[in-house]
Amino acid sequence: MAAADVLPSPPVAAVSCSQPVPAPSAAEALTPLIQSTYRTSELRFFVNGRRVCVPNPDPEWVLLDWIRAQDNLKGTKLGCGEGGCGACTVVLQTREKGRRLRHIAVNACLFPLIGVDGKSLITIEGLGTVSHPHPLQERVAKMHGSQCGFCSPGIILSIYGLVRNAYRDGKFRLSASDIEMQGHLDGNLCRCTGYKPILEAAKTFIVEDLKGNLVEEPASYPIMVDDVADKLLQIAPKGSGCRASSTGSCGRLGGCCRDSPTSSSSSASETSPSSQQSSATRATSASSSGKETLPRDFAPYDPTAELIFPPALWGYQQHPICYGDERKIWFKPTSLEQLIQLKDAWPFAQIIGGASETQIEVRFKKSDKYRVCIYASDIDELSCFDEPQGDEEYLALSKVSIPGNMSLSKVEEICVTLLSRLGSRASALEALAKQLRYFAGRQIRNVASLAGNLATASPISDAAPALVAAGSTVTIRTKKEGSYDLPLSDFFVKYRTTRLPANGVITHINIPLSPRETLEVTKAYKQAKRKDDDIAIVTAGFRVRIDKDGIVQQAIFAFGGMAPTTTVAAKTQHVVQGKRWSDGTTRESAISALLEDFDLPFSAPGGMVHYRKALTLSLFFRFWNESVTELGIAQSSHDSVSEIHREISTGTRDHFVASGTKVVGREMPHLSALKHCTGEAEYVDDMPQQKNELHCALVLSTKAHARILAVDWSAALDMPGVVGYLDKDSVSRENNNWGPIRVDEPLFAVDEVHSHGQTIGLVYAESALRAQAAAAKVRVTYEALPVILTIDQAIKARSYFEHGKQLKKGAAIQGSLDGIFAKCKHIIEGRTKLGGQEHFYLETNAALAIPHIEDGTMELYASTQNLAENQVFVAQVLGVPMSHVNMRVKRLGGAYGGKESRSTPIACLVAIAAKKERRPMRMMLNRDEDIMTSGQRHPMQCKWKIGTDANGVIQCLDVDIYNNAGYSLDMSGAVMDRACTHIDNCYHIPHAWIRGWLCKTNTVSNTAFRGFGGPQAMYFAESFMSAIAESLRIDIDELRVRNLYKQGELTPFLQPIDIDFHIPTMLEQLSASADYENRKKDVKTFNSKNRYRKRGICKIPTKFGLSILLHHGGTEMGQGLYTKMCQVAAEELGVSVDQIFNKDSQTDQVANPSPTAASSGSDLNGMAVKNACEQLNGRLAPYRKQFGQDAPMSVIAHAAYQDRVNLAANGFWKMPRIGYKWGNYKDPLPMYYYFTQGVAITEVELDVLTGDHTVLRTDIMMDVGRSINPSIDYGQIEGAFVQGQGLFTMEESLWTRQGELFTRGPGTYKIPGFSDIPQIFNVSMLRHDSDGIALNWKHLRSIQSSKGVGEPPLFLGSTVFFALREAVKAAREMNGMEEPLVLDAPGTPEKLRLAIDDEFVKRASVTPKDGEANFFVRIEE
Ligand SMILES: Cc1cc2nc3c(=O)[nH]c(=O)nc-3n(C[C@H](O)[C@H](O)[C@H](O)COP(=O)(O)OP(=O)(O)OC[C@H]3O[C@@H](n4cnc5c(N)ncnc54)[C@H](O)[C@@H]3O)c2cc1C
Ligand code: FES
Ligand code: FES
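Overview of the structure. Everything numeric in this text was worked out from a predicted model, so none of it was measured.

## Considerations on the pairing of strand S24 (residues 552-560)
Both strand S23 (residues 536-546) and S24 contribute to a ladder of eight bridges, which runs antiparallel. Of the residues in S24, the one forming a bridge with Phe542 is Phe557. Between S23 and S24, which follow one another and run antiparallel, lie five residues, and Gly550 among them has a positive phi close to 85°. Examined bridge by bridge, S24 and strand S25 (residues 567-568) share two bridges and lie antiparallel to one another. Counted as the bridge partner of Ala558 is Val568 from S25. Here S24 folds back onto S25 in antiparallel fashion, the turn holding six residues, of which Gly561 has a positive phi close to 90°.

## As for the sheet that holds strand S45 (residues 1093-1106)
Spatially, the five strands line up as an open sheet ordered S26-S50-S48-S47-S45, and their pairing is mixed. Only two strands of the sheet have a single partner each, and these edge strands are strand S26 (650-653) and S45. In this sheet, neighbouring strand axes are inclined to one another by 10° on average, regardless of whether the strands run parallel or antiparallel. As judged from the six bridges shared by strand S48 (residues 1253-1263) and strand S50 (residues 1320-1325), these two strands associate in the parallel manner. Residue pairing for S50: Arg1257 is matched across the bridge by Ile1320.

## With respect to the site of ligand 1
Taken together, 30 residues are adjacent to ligand 1, and Ile351, Gly353, Ser356, Ser449 and Asp462 come closest. Glu357 places a main-chain nitrogen or oxygen 2.8 Å from an oxygen atom of ligand 1. The contact in question runs from an oxygen atom of ligand 1 to an N or O atom on the side chain of Lys526, over 3.2 Å. For ligand 1, whose unbound accessible area comes to 970 Å², protein coverage reaches 93%. Sorting the residues of the shell around ligand 1 by element identifies strand S14 (350-352), helix H12 (358-363), helix H18 (450-456) and strand S21 (505-512) as the ones contributing at least two each. At five residues, H18 tops the list of elements feeding residues into the shell around ligand 1. For the shell around ligand 1, the class distribution of residues is 13 nonpolar, 12 polar and five charged.

## A short note on the pattern of salt bridges
A full pass over the atoms with the stated rule returns 85 salt bridges. As a salt-bridge pair, Arg139 and Glu208 come within 2.7 Å of each other at their nearest N and O atoms. One end of the pair, Arg139, is in helix H3 (residues 135-142); the other, Glu208, is in helix H6 (residues 196-209), with 69 residues separating them in the sequence. A relative accessible area of 14% means that Glu208 is categorised as buried. With a closest N to O distance of 3.3 Å, Glu1366 and Lys1369 form a salt bridge. On the criterion of helical spacing, the pair formed by Glu1366 and Lys1369 is a turn pair, its members being three residues apart in helix H42 (residues 1358-1374). Among the residues examined, Glu1366 registers a relative accessible area of 22% and is labelled partly exposed. What emerges from the salt-bridge pattern is a single network uniting Arg68, Lys77, Asp685, Asp686, Glu693 and Arg922.

## Looking at the packing of helix H30 (residues 867-878) against helix H31 (residues 904-917)
For the pair H30 and H31, interaxial distance at closest approach is 9 Å and the crossing angle is 35°. Viewed along their axes, H30 and H31 form a crossing whose handedness is right-handed. Listed contacts from H31 to Glu869, Asn870, Phe873, Val874, Val877 and Leu878 of H30 are Thr904, Ala907, Cys908, Ala911, Ile912 and Lys915. Counted by class, the contact of H30 with H31 contains eight nonpolar, two polar and two charged residues.

## Points about the nonpolar core
With 178 residues, the main nonpolar core has Trp944, Val959, Ile961, Ile983, Tyr1019 and Phe1024 as its most contacted residues. It is helix H34 (residues 1014-1032) that provides the largest number of residues to this core, a total of 10 residues. Leave out the neighbours within four places in its chain, and Val959 touches Cys942, Lys943, Trp944, Ile983, Trp993, Ile994, Arg995 and Phe1024. Val52, Cys88, Leu113 and Ile511 belong to the second-largest nonpolar core, a separate cluster that totals 75 residues.

## Thoughts on helix H43 (residues 1389-1396)
In terms of residue burial, H43 counts as a mostly covered element, since seven of its eight residues are buried. Here the buried face of H43 lies against strand S22 (519-528), helix H22 (609-631), strand S47 (1234-1247), S48, H42 and helix H44 (1399-1403). Once H43 finishes, Asp1397 follows within two positions and takes phi at roughly 55°, a positive value.

## Focus: the sheet that holds strand S34 (residues 779-784)
Spatial ordering of the open sheet is given by S32-S28-S34, a layout of three strands whose pairing is antiparallel. What marks the edges here is a single partner per strand, and that holds for strand S32 (752-753) and S34.

Cut-offs applied
Residues numbered from 1 in each chain as written. Chains lettered and ligands numbered in written order. Predicted model: local features only at pLDDT ≥ 70, side-chain atom pairs only at ≥ 80, totals over all residues. Heavy atoms only, no water. Pairing = 2+ DSSP bridges. Helix = DSSP H or I, 4+ residues; strand = E, 2+ residues; numbered from the N terminus. Axes fitted to C-alpha atoms, helices over the stretch in contact; angles between N-to-C directions. Near = heavy atom within 4 Å. Polar contact = N/O pair within 3.5 Å; in protein donor to acceptor, adjacent residues only side chain to side chain. Areas by Shrake-Rupley, 256 points an atom, 1.4 Å probe, with all protein chains shown as cover. Nonpolar A, V, L, I, M, F, W, Y, C, P; charged D, E, K, R; others polar. Salt bridge = Lys/Arg side-chain N within 4 Å of Asp/Glu carboxyl O. Buried < 20%, exposed > 50% of the residue type's maximum accessible area, 1.4 Å probe, protein only. Left-handed = near helix turned anticlockwise from the far one by under 90°. Contact = heavy atoms within 4.5 Å. Core = buried A, V, L, I, M, F, W, Y, C linked by side-chain atoms within 4.5 Å.

Set out below in structure tokens:
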């Protein structure tokens, strides 16, 4: 449909700005139907128990837009807008056929608003509040399941939906397996916690809170319940809940079913920690390992306080709805007949099922074809399945007809139910259920449909290959032709094109069952980067039918990911026809034929061609083994058949309480945790709408390097609601530049763009959606210029930023290492690479500027780690003194270094617009904009040469480190400095020459990220270790010990290792507690017995230097800084923590604050807080004497106040002793104040056929000194480890050859999810030395002798990579490979599989033709 087509007018007074145009076809076709059938434009539903009526809503809104437009519903967050993070999860209570109720967790960011009609919506506010939390919220909060808190509401609601569905007949059918193994949390991401405490909270909730009402039998799939409200009331303890209340209301702040519309409110008051302790029962919680852990107080679970399904909705009659305006119009038919009529009248109208494809197209691809949309998911004929009744019906069944728009979760349930009745006849259903288990995340499966999947015709559809293999058909219905069936194998025509007629509706998908007595097997497989919630790289469905002699009668081998459509391997099918299936020769000829079927060119779209080809062979090989075993015609080894398996995770923390102090050193939940979990915690975009506020959106470059010839923003300004446009001409040349170290980056591009995603302009409008739509209309004309993307290209072009720093030690200071190398017994050289890492904080960059017209000042709320830098540059662009700008930060939804510098331009841009319009301006970046603009961890490359003696002891190192800095300098120099000073990791290098190079490329400007270059450099160090061990054939653990530092030895920056070096004892202690040596032997035994499954284990130390100069004023981004600072203040002032209140950070209270980064937050701010408290204690001393030491602070402070004593104090602290100057080799001062150290042991299992893996166990021991708050530190350790695991094994940024970042959302960029964390995850803290004597770290002059812990453990995530490397080595050894293994991080399944380099990999190799290049570019190369 052309955009110019005029839409019909919806009923009621729909707004229309356009003049009627004669003969508009859509209007003509649809108006009669609207007049006859669609009489209302009103949505009626319930929100948290309250009735809501929304007349004629904005047709561009999804459910999240409506929710977030409500003042009291800000707990539902926008994290990605593409169904990939779960931050927007809400629960819909829906009534199904009969009196059946279901709670479904959905992604509000995709869910069509029209779909909420007739349902009951539960948001996080409906569960509880800080003063009256739901037990789930309380558990997650108190058990440290929340750090920055941005993910917490969504995760809690996913668990909540599961719990509510598990209830039947007065019992909950729920187990730890349901929580962890059935994919109920696979649609939720958390970037902070490492998931372990969240799982612990959920599992203990089930065991402890539901106890008595739990049924042992696991219920893997949600149960439909009858009249849950009445049943819940029956199991309630007498005198509790709704029945207990004389008013009939249980008083819950989220709203009780019995509240009258005006009887309760959902207030979000600031609450002191003590009030967070609600009336409690004492519960001693067991850790998942079964060990008793700390006692915790939790309110008892009261099922009657749950929101019931609003009685008014039981009798709700669905009615046809239509609403919209000149932009877009929505229909909601209530019957198939009505839908067919609409499609017949206007074939271009789009059917919307779960909207999981369509909404992506609308929002990200800005597709214009969705101007007329028909919501079909609530049509009974398309969504309800009539289960066969009784044995006879089951016996008569020859196919299963799945309704087209039934949710995939229900399809999965049906498959499992029917399978249990039909047995092997239903192996096609088993195959489909298996695909659906790993299809998207739970929230998507709860709404998405098979019809939607097939109509989309994605070449990597997970359902299509399984359905094609099964021989399925689709039933299509049109008004003229009626219903007819089409074989699915004929359905797909070409890329994303099917034989579905424009006016057709897919009503059913028909899956044939195997005829009785037939020997037939159907299986399906999927390989992705991440097991849960990831799109497939290759996906396959296989079916083979043999006769009684074992001869193949029918074979269908369908693949996704190998062609523009789901496709069958025709030659291979032909080759096996009529052959004995169990013969090895049949298998071999099939494998050869597969190579012909899928002869992909090197540059094929999607890349990974070598891996994809190898996978087709591996998956077929697995199917062959599985099928011959299942048919009983041959035997295959277990490891060739089974896929990687995961157990329910367990783990311990050793709960180290180091000090005898009252408050500091105690475990204490994050002070805001309850607010996070109840949704009351306010982030920038949750702040109330300001009067006259406008919203901004960025105009970004679509070229990596180009001259800007013209910019035309007239179409944007013509849009209704758009107010203005800014660019380079809106700010003076000198004020247009910013930069954290060198001021080299323009806020608005001038004349040229140097990176795809660079900001060219800014549009502002009355709403964020409108501003974004307008920004997309700005037309930029470019003249393309040559592009440099990779490190190799930059080296070749000598494209560097000036840096010039190097480290020299030993002979290098005299000018040459040649003499030392000449004396070395062994010299090994290599090149090691590591990709970048996206921060993927859940809250994207956001800022709100409020101009104060009266005095020309401006208040800015920003999600930033760096108040001071924001303030400096905002003042610069406004042309005012810094004192006129007050920067404020309450909390950040994660940052990890990514908001240290890259938050600055956002604050500046909104400030410029606010100044110009004299109106408040707000901007929150979309996920893709954030990833495109905000930089990543630096991809790095290292060229190294290392010399050792005969025993592998390192003598000298000569190394060049290159980082890909991107198009501006940002902090790349400082990141390189840290890399240079961490390339020793824990090993002594007598002679070293270390040079750092900052490559200037046309990519996003890379920036700080937790570890700041340290993890990359330590990874290089461990790569040297692997290379030495492998080439000298020395056991790598022995090699590490031989090279460890000893006290007094000098680092490459000439700092002596002091008594604080605990690595040797930690290696020993952790080895003992993790039973390392025995497990190492077990791994060898396992590997000798398994060909297609290999294990690896490794033990790696880390030391991370910490230092920073300056003052105080940290920001809270989930790392628990505010909590720790309250603890320090409470301890120093002798009061309880609940008497301390930390509101937010702002520059007019703490001038010139340091960025909260580099793990220094607690050190700097803690010592400064201590300093301030010491001043106060001095002033209060006379009053303590007068009233007694134990007198309450209120009395003492009041008396002091009466005497006009100043009760405010400014603390200041600067780290002493340090002051390294680069290039001073004579009398250098220390670079670092101290080293935080740690050791980790990790064991993994690798699927040799696919490259899939699981982490079986990780043990970590950290030396964090005397922790201020161990529970926060454990959380930091676990969270950092999992982030490191992502860096080294999973997270991969890919670029197109034109320099466009391809991986810019959770759909393509995968961070670890719930199922990726170590299955056993134990964390401990160093307590004593190797003689068993308790350590006190007295020599450290930090708060309570604690050490910074935010960054150091991240590198330990590399143990997963190095353990996988061991597993790959074992596989190569078994295949007789002798060449040295070269394996770069991240160790994705693709890299692991190809590194195994077995026969399949060799046979699948693809040779590039002249000039042919890979589809994607890795910029570390
Ligand atoms: C985060 C995320 C993860 C995903 N993961 C996967 C995955 O792992 N595997 C996978 O295969 N896919 C995946 N997808 C793609 C998508 O979820 C599926 O294709 C899904 O099945 C689409 O169903 P839907 O009901 O949401 O379709 P919709 O988006 O509602 O519609 C898609 C198309 O189907 C048409 N349509 C819908 N119903 C009918 C009907 N009854 N008759 C005719 N046409 C109809 C629509 O008009 C539209 O053109 C993912 C998507 C997202 C957003
Ligand atoms: S915001 Fe909806 S899934 Fe991320
Ligand atoms: S606490 Fe989960 S993303 Fe921060």
